[in-house]
Amino acid sequence: DKALRHVSALLVRRLTCRVLVLGGTWANARVSGTFDLEDPVAALKTLAVIGNARLINGAPALSVLMPKG
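First, a word on scope: everything that follows refers to the structure included in this document. (Residues numbered from 1 in each chain as written. Predicted model: local features only at pLDDT ≥ 70, side-chain atom pairs only at ≥ 80, totals over all residues. Heavy atoms only, no water.)

On to the nonpolar core, then. In terms of nonpolar packing, the biggest core is built from 17 residues, with Leu4, Val21, Trp26, Leu44, Leu47 and Leu65 touching the most fellow members. Elements that contribute at least two residues to this core include exactly α1 (4-12), β2 (18-21) and α2 (40-50). It is α2 that contributes the most residues to this core, four residues altogether. (Core = buried A, V, L, I, M, F, W, Y, C linked by side-chain atoms within 4.5 Å. Buried < 20%, exposed > 50% of the residue type's maximum accessible area, 1.4 Å probe, protein only. Helix = DSSP H or I, 4+ residues; strand = E, 2+ residues; numbered from the N terminus.)

Given below as structure tokens:
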């Protein structure tokens, strides 16, 4: 039960790229779930699904999470 923005910040510590979270108040939406920090890329994809987000992967430098729509 953390803000989407907070969970993405935790994942950044384990990724080799930056994660940009767009969406203002949407980024503060609460999400719940279990995220495997040993596979941060899969966890980021799961976060996108749970948060109803689009994940734009500009690997290896940047990934962007933004609300769908």
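Where α2 is concerned, the buried positions are Pro40, Ala43, Leu44, Leu47 and Ala48. Here the buried residues of α2 occupy an arc of 145 degrees about the axis, which is enough to place them on one side. Packing partners of the buried residues in α2 comprise α1, β2, β3 (30-31), β4 (53-58) and β5 (62-67). Looking one or two residues past α2, Asn52 carries a phi angle of roughly 55 degrees, positive in sign. (Arc of directions from axis to C-beta. Contact = heavy atoms within 4.5 Å.)

So, about the environment of Asn52. Along the chain, the position of Asn52 falls in the loop between α2 and β4. Remark: the alpha-carbon pair of Asn52 and Cys17, spanning 35 residues in sequence, is separated by 21 Å. When residues no more than four places from it in sequence are discounted, the contact partners of Asn52 are Trp26, Pro67 and Lys68.

Let us now look at the side chain of Ser8. Relative to the helices and strands, Ser8 is located in helix α1. Within polar-contact distance, the side chain of Ser8 engages the backbone oxygen of Arg5 at 2.8 Å. Those residues in contact with Ser8 that lie beyond four places of it in its chain are Val19, Val21, Leu47 and Leu65. (Polar contact = N/O pair within 3.5 Å; in protein donor to acceptor, adjacent residues only side chain to side chain.)

On to the side chain of Ser63. Summarising the element assignment, Ser63 is placed in strand β5. Within the structure, Ser63 has its side chain in polar contact with the side chain of Asn57 (distance 3.3 Å). The residues touching Ser63, leaving out its near neighbours within four places in the chain, are Cys17, Arg18, Val19, Leu20, Leu44, Leu55, Ile56, Asn57 and Gly58.

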